[in-house]
Amino acid sequence: MRAVLQKVSQASVTVGDRVVGSIGAGICVLVGIGVDDTQEDLDYIARKVLGMRVFSDSNAFWKRSVQDEQLEVLCVSQFTLYGKTTKGSKPDFHQAMKSHESREFFDRFVARLRELYRADKVQTGEFGAMMQVALVNDGPVTLQLDSRKFTY
């Protein structure tokens, strides 16, 4: 499982002319699900997302998490995080979990975040839709998370 975590001052997801998810200060997380991801991967990324210290306290940088600060989380499904670009000029997405399975997996991931944190603080985009993601990256701070980084 892969995620791109961005510290934001605001973020939103629009589908057509509808805003389907919107947050103020917090983190925007692009979530990619691989064909062989398991509950263990889901739990690892959920804990990382909520525990990553990307916020400052009054004394120093990198001291507080989104949970510590009681800020918001916007999760956006993004299978393209598994795009392989080593051959040719067309990305290969065979390592991304298929749509039906990944929808269920993404829903479980969001439910896990809400369980570990607060349901009212976790927003999402619309799975499978063509989304417009707007955000103001604060810092900028952008981190890549990968549950299998050390097992490939």
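Everything here concerns the structure above.
Keep in mind that this is a model prediction, so the values were computed, not measured. (Residues numbered from 1 in each chain as written. Predicted model: local features only at pLDDT ≥ 70, side-chain atom pairs only at ≥ 80, totals over all residues. Heavy atoms only, no water.)

Colleague: Quick question: what am I supposed to make of the side chain of aspartate 146 here?
Modeller: Following the sequence through the fold, aspartate 146 ends up in strand 6 (residues 132–146). Look at aspartate 146 and you get buried, because its relative accessible area is 18%. Within the local environment of aspartate 146, its side chain forms a polar contact with the side chain of arginine 2, the two groups lying 3.3 Å apart. (Helix = DSSP H or I, 4+ residues; strand = E, 2+ residues; numbered from the N terminus. Buried < 20%, exposed > 50% of the residue type's maximum accessible area, 1.4 Å probe, protein only. Polar contact = N/O pair within 3.5 Å; in protein donor to acceptor, adjacent residues only side chain to side chain.)

Colleague: Could you clarify how one ought to interpret the nonpolar core in this entry?
Modeller: Most often, soluble globular proteins have nonpolar side chains that are buried together. Counting 29 residues, the largest nonpolar core has Ile27, Val49, Val73, Phe109 and Leu113 as its most contacted members. Not counting the four nearest positions on each side in its chain, leucine 113 is found in contact with Ala46, Val49, Leu50, Val73, Cys75, Arg118 and Val122. (Core = buried A, V, L, I, M, F, W, Y, C linked by side-chain atoms within 4.5 Å. Contact = heavy atoms within 4.5 Å.)

Colleague: Can you walk me through the pairing of strand 1 (residues 2–15) in this structure?
Modeller: Regular strands have side chains that alternate between both faces of the sheet. Summarising burial for strand 1: eleven of the 14 residues are buried, a large majority. Pairing between strand 1 and strand 3 (residues 26–32): seven bridges, direction antiparallel. Counted as the bridge partner of leucine 5 is valine 29 from strand 3. As judged from the eleven bridges shared by strand 1 and strand 6, these two strands associate in the antiparallel manner. The residue bridging valine 8 from the neighbouring strand is asparagine 137, located in strand 6. Taken together, the five bridges between strand 1 and strand 2 (residues 18–23) define a ladder with antiparallel strand orientation. If you follow alanine 11 over to strand 2, its bridge partner there is isoleucine 23. (Pairing = 2+ DSSP bridges.)

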